[in-house]
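Listed below, chain by chain, are the residues.
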Amino acid sequence: MNQTTEFDAIVIGSGITGGWAAKELTEKGLKVLILERGKPLEHQKGYVHEFTPPWQAPEQGLPDRELDAREYEIQSKIERGAFSWANRQYWINDRQNPYEQVKPFRWHRTDVLGGRSLTWGRQSYRWGPDDFLQNKRDGHGNDWPIRYADLEPWYTHVEKFIGVSGAPEGLENFPDGHYLPPFEMTALEKHLKRTVESKWADRRVTIGRVANLTEALDGRGPCQRRAICNRGCSFGAYFSSLSSTLPAAQKTGLLTIRTDSVVEAIDVDPQTKKATGVRVIDAKSGERLRFGAKVIFLNASTYGTLQILLQSKSALHPNGIGNHSDVLGRYLVDHAGVGAFAEIPGFDDRNYSGRRPTGILVPRFRNVGRQDADADFTRGYGYQGGAMRDDWTNTAAQTDGFGAEMKHQIARPGKWIAFLGAFCEQLPQKDNRVVLNENKRGGFGLPQLSFDVAYGENERRMKLDAAKQAEQMLVAAGAKHVVTIPVRAIPGVSIHEMGGARMGRDPAESVLNAHNQVHGVPNLFVTDGAAMASSGTVNPSLTYMALTARAADYAVAQLKAGAL
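Just so it is clear, the structure is predicted and the values come from calculations on it, not from any experiment. (Residues numbered from 1 in each chain as written. Predicted model: local features only at pLDDT ≥ 70, side-chain atom pairs only at ≥ 80, totals over all residues. Heavy atoms only, no water.)

Some remarks on the overall build of the protein
Then, number 1: Broken down by element type, the protein carries 11 helices and 19 strands.
Then, number 2: On the principal axes, the C-alpha backbone points of the protein span a range of 75 × 55 × 45 Å.
Then, number 3: Counting the 564 residues in the protein, one finds 60% classified as buried.
Then, number 4: Across the protein, every contact between residues at least 6 apart in sequence was considered, and the portion connecting residues at least 24 apart equals 73%.
Then, number 5: One way to put it: in the protein the 69 positive side-chain charges average out to a point 1 Å from where the 64 negative ones average out. (Helix = DSSP H or I, 4+ residues; strand = E, 2+ residues; numbered from the N terminus. Buried < 20%, exposed > 50% of the residue type's maximum accessible area, 1.4 Å probe, protein only. Contact = heavy atoms within 4.5 Å. Lys, Arg positive; Asp, Glu negative; His and termini not counted. Charge placed at Lys NZ, Arg CZ, Asp CG, Glu CD.)

Structural data, given as structure tokens:
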């Protein structure tokens, strides 16, 4: 072991929550070290294919199926085009970093500074009051130790800094926030909104609330409407830790970033029962290092965080830190789903400009506040989707003829297509878990994670209802034929990974307390998706960021008071 280098705080991970932890801790005067397992990446200069035009793309932009099958078998299957020739270098090499699937499971992960803040969909929603009450109300999962009121000021704090465009709707369980001007709906989306809201009093159609700037903010430029966000954005128009939180932390002069640093374990002093440092493997040299700190924030993304906690074994924590009651690694949740497509005629004289970086959203309307009489499932779902004209690639495939006639046809806008995709809440179940497989070794000789996760009967029934309700709304808007397909049918595909080190009031039923501290290790905080006790029906990243800012504020206050 090399000599320990001491810091006030260590942050493990540089993604959405790691960046926020670094920003908040440094701005409050702490000397902070970020440990990132991935490669270095510089904002702007590191986005090597951001401005590469299609005609200069390798292999004309087509997938390199041989390379992807060999090195990126899991990552290349990611939905919504988030993995491509333009950003392959951001994603982890699956061959070098395998994991075990007891049941089919997708673990999508990046391997660069900034993490998935470079590739996320940026949908940014506050959870509502019901989301923090449902576990207690219906008995599925443990009671959240916090309520919406505890996070409300921190949601505002985060929104003002990252920049979220959206429209207020005045719904109690879909709370409004601090918004920049919204992106405009298309003509068909406006029609869908009018139709749905006039026919169903309990339903609302709104523009997606997204962390893309519609006007300049703190040196970051507005969105250029290019729809290539996952390549990286030199304008800083979308929120990422590289363009926003990490630069803010660096301005303090108190931040040190160390990439290529694979965390092996966290050390805990058996006398004080406090975390004392982090053991690291240098990804380039294989050298083992150790760094010490008074406070540690674990933000390695849900499963990376769980892996580190499970690996951190000692006489005091023989099954891993926080695993005193065999809760660590259990109650994993994300979002299941189903999609509905339809062609809707009558708008061929209407069009739009630009490629908007968001769609529309229908907030949850099933089982809100009470169980609906006609619902044979618990909890609910919301929809995300959009309505746009088909592009030239599909038009060409459907066009008879060739030559000048084909060119004429594909130069014209295609048919109007509407899509609604449900995000169904998964109930917390004890048997949905991840463990270490000590007999199988992955990258850097560390034990592989073994996933045993499946959707249940409740999710199956919920998806059937979501498909039916989506079809009804599209038909009401004028669709003649609706096609429904399964989406997010395999756990992990949504990349809304949550749970495994859930918050709770009782240490026998949870890993973290109301301030995201590990029970029994007061200076170790977990504020990424692993902390979640349920999944809700909207994207969770804004909640992760609010939890992180709140926990950092508490940690610094406790440190200054001598409690840590």
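Next, the rest of the story.
Description of the pattern of salt bridges
Between side chains of opposite charge, a pair can form when the charged atoms approach closely.
Then, number 1: Considering all chains together, one arrives at 46 salt bridges under this definition.
Then, number 2: Measuring nitrogen to oxygen at the nearest pair gives 3.0 Å for the salt bridge that ties Arg226 to Glu50. With Arg226 in the loop between β4 (206-207) and α6 (241-251) and Glu50 in the loop between β2 (32-35) and α2 (65-71), this residue pair connects regions lying 176 residues apart in the sequence. With respect to class, Arg226 is no different from Glu50; both count as buried.
Then, number 3: Asp143 serves as the salt-bridge partner of Arg147, at 3.1 Å between the closest nitrogen and oxygen.
Then, number 4: Given a relative accessible area of 22%, Arg147 falls into the partly exposed group.
Then, number 5: Assessed through its relative accessible area of 17%, Asp143 is described here as buried.
Then, number 6: Connected through salt bridges with shared partners, the residues Arg366, Arg370, Asp372, Asp374 and Asp465 form a single ionic network. (Salt bridge = Lys/Arg side-chain N within 4 Å of Asp/Glu carboxyl O.)

Here we look at the nonpolar core
Then, number 1: If you look at the biggest cluster of nonpolar residues, it comprises 78 residues, and the most contacted ones within it are Leu25, Phe297 and Tyr383.
Then, number 2: It is helix α10 (residues 457-476) that contributes the most residues to this core, six residues altogether.
Then, number 3: Leu306, Val434, Leu512 and Ala530 belong to the second-largest nonpolar core, a separate cluster that totals 76 residues. (Core = buried A, V, L, I, M, F, W, Y, C linked by side-chain atoms within 4.5 Å.)

Comments concerning the sheet that holds strand β12 (residues 381-389)
Then, number 1: In spatial order, the strands read β4-β11-β12-β13-β10-β16; together these six strands make up an open sheet with antiparallel pairing. Sheet topology places β4 and β16 (482-487) at the edges, where each strand pairs with a single neighbour.
Then, number 2: Pairing analysis gives three bridges linking strand β11 (residues 360-362) to β12, with the strands arranged antiparallel. Among the inter-strand pairings, Ile360 is bridged to a residue of β12, identified as Gly385. (Pairing = 2+ DSSP bridges.)

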